[in-house]
Amino acid sequence: MIRFPAFIYRLGNCHALQRKHLLYGMVVVFLLLVFFFWQWLPRPLFSDPTSTVLLDRNGQLLGAKISDDQQWRFPESEQIPEKFKQAILQYEDQYFRYHPGFNPVSLIRAAYLNFRHHRIVSGGSTITMQVIRLTRKNKERTYLEKIREVLLAFRLELGNSKANILRFYASHAPFGGNVVGLEAAAWRYFGVSAEQLSWAETATLAVLPNSPGLIYPGRNPNYLLAKRDRLLDLLKKNMVIDSTTCALAKSEKLPEKPFPLPQLSPHLLDRMIKEGKRGERIRTTLDLKLQERINTILDLHSDQLKANEIHNAAAMVLDVNSGNVLGYSGNLPHTNIAEHGNNVDIITSVRSTGSILKPFLYAAMLNDGLLLPNTLVPDIPMQIGGFIPENYNLAYDGAVPAKRALSRSLNIPAVKMLQTYGYAQFYALLRKIGMTTLVKPADHYGLALILGGAEATLWDLAGIYASMARTLNHFSEKITGYSKSDFHPPLLTELENAKTVHPRDRSSWFDAASIWLTFEAMVEVARPDEELQWQSYSSSHKIAWKTGTSFGNRDAWSVGITPEYVVMVWVGNASGEGRPGLTGIGVAAPILFDIFKALPPTTWFATPYQAMVQVPVCRYSGYRASSICEFTDTVWIPKSGMKTVSCPFHQMVHLDKTGRWQVHSGCEAPDNMQHVSWFVLPPVQEWYFRNKNPFYKTLPPFRFDCLATTDRKNMEIIYPKNNSKIYVPVELDGKPGSAVLKLAHRNPNAVVYWHLDDKYLGTTMLVHQMAVSPGRGIHLLTLVDQNGETLKTRFEILTKE
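Q: What's the story with the overall build of the protein in this structure? I'm lost.
A: Broken down by element type, the protein carries 21 helices and 26 strands. Residues classed as buried in the protein amount to 51% of the 801 residues present. Of the roughly 38800 Å² that the protein leaves accessible, carbon and sulfur atoms contribute 55%.

Q: Looking at this model, I keep getting lost on the sheet that holds strand E22 (residues 751-756). Mind explaining?
A: Whether parallel or antiparallel, the strands of a sheet pair through hydrogen bonds between backbone atoms. Judged by pairing direction, the sheet is mixed, and its five strands sit side by side in the order E20-E26-E25-E22-E23 without closing on themselves. Looking at the sheet topology across the chains shown, the edges are occupied by strand E20 (724-726) and strand E23 (759-765). Adjacent strand axes in the sheet meet at a mean angle of 30° when their direction is disregarded. With five bridges connecting them, E22 and strand E25 (residues 777-785) associate as antiparallel partners. Residue pairing across strands places Tyr753 opposite Val784, the latter belonging to E25.

Q: What's the story with the pairing of strand E14 (residues 565-572) in this structure? I'm lost.
A: Across the eight residues that make up E14, a large majority, eight, are buried. Burial along E14 is two-sided: the face carrying Tyr565, Val567, Val569 and Val571 and the face carrying Val566, Met568, Trp570 and Gly572 are both buried. Counting the residues in the hairpin turn of strand E13 (residues 555-561) and E14 gives three residues.

Q: What am I meant to see in the environment of Ser322 here?
A: Secondary-structure assignment places Ser322 in the loop between strand E6 (312-319) and strand E7 (325-329). Since its relative accessible area comes to 11%, Ser322 is described here as buried. Distance from Ser322 to Arg470, taken between C-alpha atoms, is 8.3 Å for residues 148 residues apart in sequence. Among the polar contacts listed, one links the side chain of Ser322 to the side chain of Asp319, at a separation of 2.7 Å.

Q: For this particular structure, what's the right way to read the sheet that holds strand E24 (residues 769-772)?
A: If you trace the three strands from one edge of the open sheet to the other, you get E19-E21-E24, paired in antiparallel fashion. Strands at the two margins of the open sheet, each flanked by one partner only, are strand E19 (715-719) and E24. Across the sheet, the axes of successive neighbouring strands diverge by a mean angle of 25°, strand direction being ignored. Seen against the sheet, helix H21 (residues 683-692) touches E19 and strand E21 (739-745) and runs at an angle of roughly 80° to E19.

Q: How do you make sense of the pairing of E7 when you look at a structure like this?
A: Regular strands place their side chains on alternate faces of the sheet. With five of its five residues buried, E7 lies for the most part within the structure. In this sheet, E7 lies alongside E6 in antiparallel orientation, the contact comprising four bridges. Its bridge partner being in E7, Leu318 is matched across the sheet by Val325. Count of turn residues in the E6/E7 antiparallel hairpin: five residues, of which Gly323 carries a positive phi of about 85°.

Q: Looking at this structure, I do not really get helix H13 (residues 358-367). What am I missing?
A: Along H13, ten of the ten residues are buried, which leaves the element largely enclosed by surrounding structure. Every buried residue of H13 is listed here: Lys358, Pro359, Phe360, Leu361, Tyr362, Ala363, Ala364, Met365, Leu366 and Asn367. Once H13 ends, the next one or two residues include Gly369, with phi positive near 70°.

Q: How do you make sense of the pattern of salt bridges when you look at a structure like this?
A: The tally for this structure, following the rule as stated, stands at 21 salt bridges. Among the ionic pairs, Lys162 bridges to Glu157, the shortest N-O distance being 2.9 Å. We note a salt bridge from Glu716 to Lys721, for which the minimum N-O separation is 4.0 Å. Residue Glu716 is classed as partly exposed on the basis of its relative accessible area of 23%. By relative accessible area, which is 23% here, Lys721 ends up partly exposed.

Q: Would you take a moment to explain the environment of Pro608 for this structure?
A: Of note, Pro608 is situated in the loop between helix H20 (584-598) and strand E15 (612-618). With near-sequence residues (within four places) excluded, Pro608 lies in contact with Leu472, Phe475, Ala512, Ala513 and Trp516.

Q: Hey, could you run me through helix H8 (residues 199-207) in this one?
A: An α-helical turn contains 3.6 residues, so a residue and the one three or four places further along point in the same direction. Within H8, nine of the nine residues are buried, which leaves the element mostly enclosed by the surrounding structure. Those residues of H8 not exposed but buried are Trp199, Ala200, Glu201, Thr202, Ala203, Thr204, Leu205, Ala206 and Val207. Buried positions along H8 lie against helix H2 (82-92), helix H7 (182-190), helix H9 (221-237) and helix H10 (243-250).

Q: What is the right way to read unusual backbone geometry from this model?
A: That bond from Tyr719 to Pro720 is cis: its omega, 5°, falls within 30 degrees of zero. Relative to the elements of secondary structure, Pro720 occurs in the loop between E19 and E20. Here Gln70, not a glycine, exhibits a phi torsion of approximately 65°, which is positive. Within the secondary structure layout, Gln70 lies in the loop between strand E2 (61-65) and strand E3 (72-73). The partly exposed category is assigned to Gln70, whose relative accessible area is 48%. Although it is not a glycine, Ser409 sits at a positive phi angle of roughly 55°.

Q: What exactly am I supposed to notice about the packing of helix H18 (residues 458-476) against helix H19 (residues 512-523) here?
A: The packing of two helices is summarised by the inter-axis angle and the distance between the axes. Running from N to C, H18 and H19 cross one another at 120°; their axes reach a closest spacing of 9 Å. Compared by their axis directions, H18 and H19 come out oblique. Judged by the sense of rotation from one axis to the other, the crossing of H18 with H19 is left-handed. For the pair H18 and H19, contact is made by Tyr465, Met468, Ala469, Thr471, Leu472 and Phe475 and by Ala512, Ile515, Trp516, Phe519 and Met522, respectively. By residue class, the composition of the contact of H18 with H19 is ten nonpolar, one polar and no charged.

Q: It is not clear to me how the side chain of Arg470 should be interpreted in this structure. Could you clarify?
A: Take Arg470: it is sitting in helix H18. The charged side chain of Arg470 is buried without a salt bridge, its nearest counter-charge being Asp486 at 5.6 Å. For Arg470, the contacting residues outside a window of four places in its chain are Val320, Asn321, Gly323, Asp486 and His488.

Q: Help me understand the state of the cysteines in this model?
A: Put plainly, a disulfide is one covalent bond tying together the sulfur atoms of two cysteines. In the structure shown here, the tally under the stated rule is one disulfide. There is a disulfide in this structure between Cys667 and Cys706, and the S-S distance comes to 1.6 Å. Since a negative S-S torsion denotes a left-handed disulfide, the Cys667-Cys706 link at about 110° is right-handed. Taken together, the residues span a long stretch of sequence, with Cys667 in the loop between strand E17 (650-655) and strand E18 (674-679) and Cys706 in the loop between H21 and E19 at a distance of 39 residues.

Q: Hey, could you run me through the packing of aromatic side chains in this one?
A: Think of a pair of aromatic rings as described by two things: how far the centres are apart, and how the planes are tilted against each other in angle. One pass over the structure, following the stated rule, counts 23 aromatic pairs. Both rings, one in Phe519 and one in Phe605, keep their centres 5.2 Å apart while their planes meet at 35°; by these two values the pair is tilted. Of this pair, Phe519 sits in helix H19 while Phe605 sits in the loop between H20 and E15, and the two are 86 residues apart along the sequence. Accessibility classification places Phe519 together with Phe605 in one group, the buried group. Through a chain of ring-to-ring contacts, the aromatic side chains of Tyr620, Tyr623, Phe631, Phe649, Phe679, Phe689, Phe695 and Tyr696 assemble into a single cluster. Looking at Lys162, its charged tip hangs above the ring of Phe96, at a distance of 4.7 Å from the centre. The side chain of Lys484 reaches across the aromatic face of Trp509, ending 4.0 Å from its centre.

Q: How do you make sense of the environment of Phe168 when you look at a structure like this?
A: Looking at the secondary structure, you find Phe168 in helix H6 (residues 162-172). A C-alpha to C-alpha distance of 10.0 Å links Phe168 and Gln130, two positions 38 residues apart in sequence. When neighbours within four sequence positions are excluded, Phe168 is seen to be in contact with Leu45, Phe46, Glu76, Val131, Leu156 and Asn160.

Q: I would appreciate a short explanation of the nonpolar core in the present structure.
A: A general tendency of soluble globular proteins is for nonpolar side chains to be buried together. Counting 94 residues, the largest nonpolar core has Phe426, Phe519 and Ile561 as the members making the most contacts within it. By residue number, the principal contributor to this core is H18, which donates eleven residues. Beyond its immediate stretch of four places on either side in the chain, Ile561 contacts Tyr465, Ala469, Phe519, Met522, Ile543, Ala544, Val566, Phe596, Trp604 and Phe605. Core analysis: the next-biggest nonpolar cluster, separate from the first, contains 57 residues, Phe74, Phe96, Leu134 and Phe168 among them.

Procedures and definitions
Residues numbered from 1 in each chain as written. Predicted model: local features only at pLDDT ≥ 70, side-chain atom pairs only at ≥ 80, totals over all residues. Heavy atoms only, no water. Helix = DSSP H or I, 4+ residues; strand = E, 2+ residues; numbered from the N terminus. Buried < 20%, exposed > 50% of the residue type's maximum accessible area, 1.4 Å probe, protein only. Areas by Shrake-Rupley, 256 points an atom, 1.4 Å probe, with all protein chains shown as cover. Pairing = 2+ DSSP bridges. Axes fitted to C-alpha atoms, helices over the stretch in contact; angles between N-to-C directions. Polar contact = N/O pair within 3.5 Å; in protein donor to acceptor, adjacent residues only side chain to side chain. Contact = heavy atoms within 4.5 Å. Salt bridge = Lys/Arg side-chain N within 4 Å of Asp/Glu carboxyl O. Parallel < 35°, antiparallel > 145°, perpendicular 65-115°, else oblique. Left-handed = near helix turned anticlockwise from the far one by under 90°. Nonpolar A, V, L, I, M, F, W, Y, C, P; charged D, E, K, R; others polar. Lys, Arg positive; Asp, Glu negative; His and termini not counted. Disulfide = S-S within 2.5 Å. Phe/Tyr/Trp six-rings, centres within 6.5 Å; stacked < 30°, edge-to-face > 60°. Lys NZ or Arg CZ within 6 Å of the ring centre and 35° of its normal. Core = buried A, V, L, I, M, F, W, Y, C linked by side-chain atoms within 4.5 Å.

Below is the structure:
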């Protein structure tokens, strides 16, 4: 056997080792090439800014805002219309579904044509390669760049479906001017969505990306028309469309200039951008058809409003059960008049509430058992420090049923009710149920909270009213208990609420009975005499509605509630300027009822008998009937109403046989007495009440030989209240003005003697009032009637002598 030297064996082993290392190296290089090839595509593929697009609940376009680079470029579409697929494939890339990103035959043909003509006359690019060119911002067309496009197109095909690649093309292809993408082009050139394009319109758009700088609607129309018609002929040749469709499509004219995009809810679009949704496709809960109707209604009313220098109005419609916003008009249509503030979104702006919070207080007091619907509430002049509330009509009823005070929107009864409920407790309740604008302590607002002393947004208020209706609906559906989750803000971007089962409780912020009775009171049609014109705005369907007007006629509100919808309207000036006639009943209510007429027919809330109890109440006082109430009515009240006291105004009165005089056992034998139940109000309430309620009978006076033995007062000071401060203005001639002091007396024939600081002023009969001009400082008023009954009150005059 031949033996080779040892170095020969070592040399062979060395070559084997080198081959192995070389193989490993080649594998590593190949893997690196594969890795870099795979990573070659940018991520994301397109990073250009996009337009913000606002859609309704059915995907219809409500509006759009141009992108940051001033291009109309919609966010990428999920679906491409079948017509456009057929047209673009026939025109640009008939073998798109079969090639791996590039078409060798097309490339060879393009190279031959370019060589033959000594210039580039054909690119041979597939749709996939065109997508790559779009990502590379249309770099200069060279052979090296073409090789890159081929390789990147192959890479794009490896990681994406054909549908995705076609979607990239349709979303980012240029369509002339500053229009990018099929959707934007459809709206700009034809004023419709891509799905609604005809064959002629589709063919027009399909030929545009091939040379967008040369032809687009309004430029080179003949050239564009010829290219469109050639594509239509090709579609007919390949049996995509028939000859009739082709002929009809060719008869359609080209668009002459771009259409403006819809702007049906521009303030909502701006709001979405401010909330961080810039460049997104936002599918809202709005209904396009209803939004158009609301805009039309506001536009119809705008001429009349502007004639009174009222330049702004807003309206919102909510679906009660879901809380979805169906209509959102943040202001009158943009007029490009900046000084009128039409660009301000009133729906989210903070405005004075006027009387629009009164139903919340009424419902809260019913819920807590502090009153019943017909409980009499004082309606008399009042002064609390420097706070002097007045009714809109500057009149007083003495006492008025609570529900009538709500339906008539009387201010003084509302303040009296808030005194009873407590403004701090009401403040806390408002924050719990969704009023987000109470940013100062409760003491800052005080009792003025119920009369517009606080500010709110239409967004919050509509959400609270819808939450109340939702709570009542759910209770009526016999869902056990309540859920405080029924109280939530309006929803803008959820198409529908999931039927989530929320934990139920025994109570909510308001029980069903209190809400139902509140809505019933809001159906009442009684309004002040000067507001009888409201009747022309009534609806054929039952609607709970309320109006409000802020101090100085700056804000006019109206809200309407049914089991299906909540509609809320605001009218005024964004600048805060008040105008005569700017009232809720005068300008906001007409818009409210016009919007309800545009909605489908509505129903009414089922009576929540499970949350109520039937009891007798006094017909005159509205309290639970006592044993001596003469006339009673059996009514349904909230179960919490059983905590209310029985009628405090019916008293047992002892009269002589004639019935003309009050007597007592000290001056009349019991056998000669009549014992009569009598409805008796406090003197000031009685003084105003008896003038408007003929049934009210004043107590007979005590017989001359019988001194009064009861603690019942026969007179009460109307003005000034004890320890009040009075500012008396100086007259034009420089002399101090006078203050008119007022008194109420049960006996219309009473004589009252007036004394100021122990100085006799005079007497009054029938009408008990006297004008005085005291100097600056604290004074004591003393009043004595003919029977010796005495009243005293101190007050301070602030005017200088």
